[in-house]
Amino acid sequence: HRIIFTIEENSLQGGFGQKISSFLITGGYAKKISLQQKGFPDKFITHGERSVLLDQVGLSASQIGQWIVSTIKGEKENTKPLTQPSLLGSLIASL
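Only a predicted model underlies this, so the values are computations on that prediction, with no experimental measurement involved.

Draft legend 1. Quick peek at the environment of Ser11. Tracing the chain through its elements places Ser11 in strand 1 (residues 3-11). A C-alpha to C-alpha distance of 6.1 Å links Ser11 and Asp42, two positions 31 residues apart in sequence. Excluding anything up to four places from it in sequence, Ser11 contacts Phe40 and Asp42. Within the local environment of Ser11, its side chain forms a polar contact with the backbone nitrogen of Gln13, the two atoms lying 3.2 Å apart.

Structure, rendered in C-alpha cells:
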C-alpha cells in the first residue's frame, strides 16, 4: 500500500501512529509509504459531549471520511515526510 492511515481517539504524541512512523523509518519504508495520522492535538481538551469534542478536533465520522477521500485524491492535508524518527520513536525502536 502507498498510504497508511492511523486514527486514534488519543493524543498523537506517543500514540499508535508514532509507533507506526518509527517502524516505517527504521524498516526503510518511509520513502515508499505516506503515513497520514489523525488524533487529539497535544493540548488540553475541555470536557464535554463526546460528539462535540470529536468534531472540534477533526475526528467526527464525516471529517475522517472527507480526510481519507481527499488524501487518496491527492489533496494531502496532513502529509509529513518521514525523514527521521522522533526521540520517542527511537527509544521505542531500540527496545
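Structure shown, so let's carry the discussion forward.
Draft legend 2. A look at the pairing of strand 2 (residues 34-40). With seven of seven residues buried, strand 2 is to be regarded as a mostly interior element. Note that strand 1 and strand 2 share six bridges and pair parallel. Across the sheet, residue Thr6 finds its bridge partner in strand 2, namely Gln37. In this region the chain leaves strand 1, passes through helix 1 (residues 16-26) and returns to the parallel neighbour strand 2; the handedness of that crossover is right-handed.

Draft legend 3. Looking closely at the side chain of Ser60. As for its position among the elements, Ser60 is in the loop between helix 2 (50-56) and helix 3 (61-72). Polar contacts involving the side chain of Ser60 include one to the side chain of Gln63, which spans 2.8 Å. Here Ser60 is in contact with Leu54 and Asp55, once residues within four sequence places are set aside.

Draft legend 4. Spatial organisation of the confidence of the model for the protein chain. When the pLDDT values of the protein chain are averaged, the result is 81; 77% of them are 70 or greater. No element of the protein chain has a lower mean pLDDT than helix 4 (residues 87-94), at 46, and none a higher one than helix 3, at 94. Per-residue pLDDT stays below 50 along residues 78-95; that stretch engages in 23 contacts with residues further than four places along the chain or on separate chains.

Draft legend 5. Quick peek at the pattern of salt bridges. As enumerated under the stated definition, the model contains one salt bridge in all. The residue Arg50 makes a salt bridge to Glu9 at a minimum N-O spacing of 2.7 Å. Here Arg50, found in helix 2, pairs with Glu9, found in strand 1; they are 41 residues apart in sequence, far enough to count as distant. Judged by its relative accessible area of 53%, Arg50 is exposed.

Rules used in this analysis
Residues numbered from 1 in each chain as written. Predicted model: local features only at pLDDT ≥ 70, side-chain atom pairs only at ≥ 80, totals over all residues. Heavy atoms only, no water. Helix = DSSP H or I, 4+ residues; strand = E, 2+ residues; numbered from the N terminus. Contact = heavy atoms within 4.5 Å. Polar contact = N/O pair within 3.5 Å; in protein donor to acceptor, adjacent residues only side chain to side chain. Buried < 20%, exposed > 50% of the residue type's maximum accessible area, 1.4 Å probe, protein only. Pairing = 2+ DSSP bridges. Right-handed = clockwise from strand over helix to strand, strands pointing away. pLDDT = per-residue confidence, 0-100. Salt bridge = Lys/Arg side-chain N within 4 Å of Asp/Glu carboxyl O.

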